[in-house]
Amino acid sequence: MAGIDDEVLRVYEKVLPKSEYTVLLIDLAPRLVEPGDASDYFAHEQVTTWGVDPVVGAAENPGTPYYRTFETPVGRKQHLYEFIVPMVPPARNDTDRVDEYSADTRGEPATAVASSLLDLLQPAMDEGEDYYEHWVLTHFLLDGHHKIEAAARAGRPLRLLSLVDERISIAEADDLAAMVHARSQPEGREALAADDARQGRALIGRRARHDQGDLRDRPA
């Protein structure tokens, strides 16, 4: 998928709630994360700002493997983190299908689809080692579970059609615009392959309203 396809949107409007959406097409480099490992946001970055859960005396456990893709500063006290959450744990994927996608050497990245949220989170009290606002862009995977595991295994980019629900995101319209701008910049591409300058830059976006059974364009 080289651009946002209206036919694809018409398929997903049948399962999406009526809302207003920021529709993005982005290239990213997924990395599989297991709860508690060295790349787990909940065991590291979240603890640095919030501290450990005082009830259990430990970091929060996400309870499932997930993918990290991208992070970058948004401002002096804001940092964007991006995750992809599979609806099916990778261990339950069909290994033969994953192998097929891993062996595919065609030039264009495979495309997955996600329903997404942007949440701006800030602790009420400064109890951690580094107090700042976390902008968390979470993509809940609707299609492409085998594709994303294959991309993570092979260290190859994945293309994601992201439908960011504006009404239930904990963010304002200006925040969403700032996220799109930050996500489109090449700076701060810590999670992306350093030798692939396209990653982190390929971003197409538009806004759409889904209130009468279709995802119609609306003014940005």
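Definitions and limits used
Residues numbered from 1 in each chain as written. Predicted model: local features only at pLDDT ≥ 70, side-chain atom pairs only at ≥ 80, totals over all residues. Heavy atoms only, no water. Helix = DSSP H or I, 4+ residues; strand = E, 2+ residues; numbered from the N terminus. Buried < 20%, exposed > 50% of the residue type's maximum accessible area, 1.4 Å probe, protein only. Contact = heavy atoms within 4.5 Å. Areas by Shrake-Rupley, 256 points an atom, 1.4 Å probe, with all protein chains shown as cover. Core = buried A, V, L, I, M, F, W, Y, C linked by side-chain atoms within 4.5 Å. Salt bridge = Lys/Arg side-chain N within 4 Å of Asp/Glu carboxyl O. Arc of directions from axis to C-beta. Phe/Tyr/Trp six-rings, centres within 6.5 Å; stacked < 30°, edge-to-face > 60°. Pairing = 2+ DSSP bridges.

Colleague: Mind laying out the overall build of the protein, listing which residues take part and the relevant values?
Modeller: Counting secondary structure elements, the protein contains five helices and nine strands. Reading the secondary structure of the protein in the N-to-C direction produces α-β-β-α-β-β-α-β-β-α-β-α-β-β. A buried classification covers 45% of the 220 residues belonging to the protein. For the protein, the share of sequence-separated contacts (at least 6 apart) that also reach a separation of at least 24 residues comes to 75%. Surface exposure of the protein reaches about 11,000 Å², of which carbon and sulfur atoms provide 50%.

Colleague: Describe in detail the nonpolar core, supporting the description with residues and values.
Modeller: Ranked by internal contacts, the top residues of the largest apolar core, which has 22 residues, are Leu80, Ile84, Leu118, Leu160 and Met179. Elements represented by at least two residues in this core include exactly β1 (19-28), β3 (66-75), β4 (78-85), β5 (111-121), β6 (133-143), α4 (145-154), β7 (158-165) and α5 (173-183). Among the elements that line this core, the one with the most residues is β5, at four residues. Not counting chain neighbours up to four residues away, the residues in contact with Leu80 comprise Phe70, Glu71, Thr72, Val74, Leu118, Trp135, Leu137 and Met179. The next biggest cluster of nonpolar side chains, apart from the first, holds 10 residues, and it includes Leu16, Tyr21, Leu161 and Leu163.

Colleague: So, the pattern of salt bridges: which residues are in play, and what are the values?
Modeller: Using the criterion set out here, one finds nine salt bridges in the structure. Between Arg159 and Asp27 there is a salt bridge, and its shortest N-O distance comes to 2.7 Å. You can see Arg159 sitting in strand β7 and its partner Asp27 sitting in strand β1, a full 132 residues away along the chain. Here the two residues Arg159 and Asp27 agree in accessibility, since each one is buried. Between Arg159 and Glu108 there is a salt bridge, with its nearest N and O atoms 2.7 Å apart.

Colleague: Go over α5, please, and point to the residues and values.
Modeller: Within the sequence span of α5, burial applies to Asp175, Leu176, Met179, Ala182 and Arg183. The buried residues of α5 occupy an angular sector of 125° when projected down its axis, which confines them to one face. More than 90 degrees from the buried face of α5, the exposed residues found are Asp174 and His181.

Colleague: Now, about the packing of aromatic side chains: what can you tell me, with residues and values included?
Modeller: Taken as a whole, this structure holds six aromatic pairs when the rule is applied. A centroid spacing of 5.8 Å and a plane angle of 80° characterise the contact between Phe42 and Tyr66, whose relative ring orientation is edge-to-face. Taken together, the residues span a long stretch of sequence, with Phe42 in the loop between β2 (31-33) and α2 (45-50) and Tyr66 in strand β3 at a distance of 24 residues. For the pair formed by Phe42 and Tyr66, the shared burial category is buried. By way of ring pairs, the aromatic residues Tyr41, Phe42, Tyr66, Tyr81 and Phe83 are connected into one cluster.

Colleague: Tell me about the pairing of β5, residues and numbers included.
Modeller: Burial analysis of β5 places nine of its 11 residues in the buried class, which makes it a mostly covered element. As judged from the six bridges shared by β5 and β7, these two strands associate in the parallel manner. Note on β7: the bridge partner recorded for Ala114 is Ser162. As paired elements, β5 and β6 share nine bridges and run antiparallel to each other. Counted as the bridge partner of Ser115 is Phe140 from β6.

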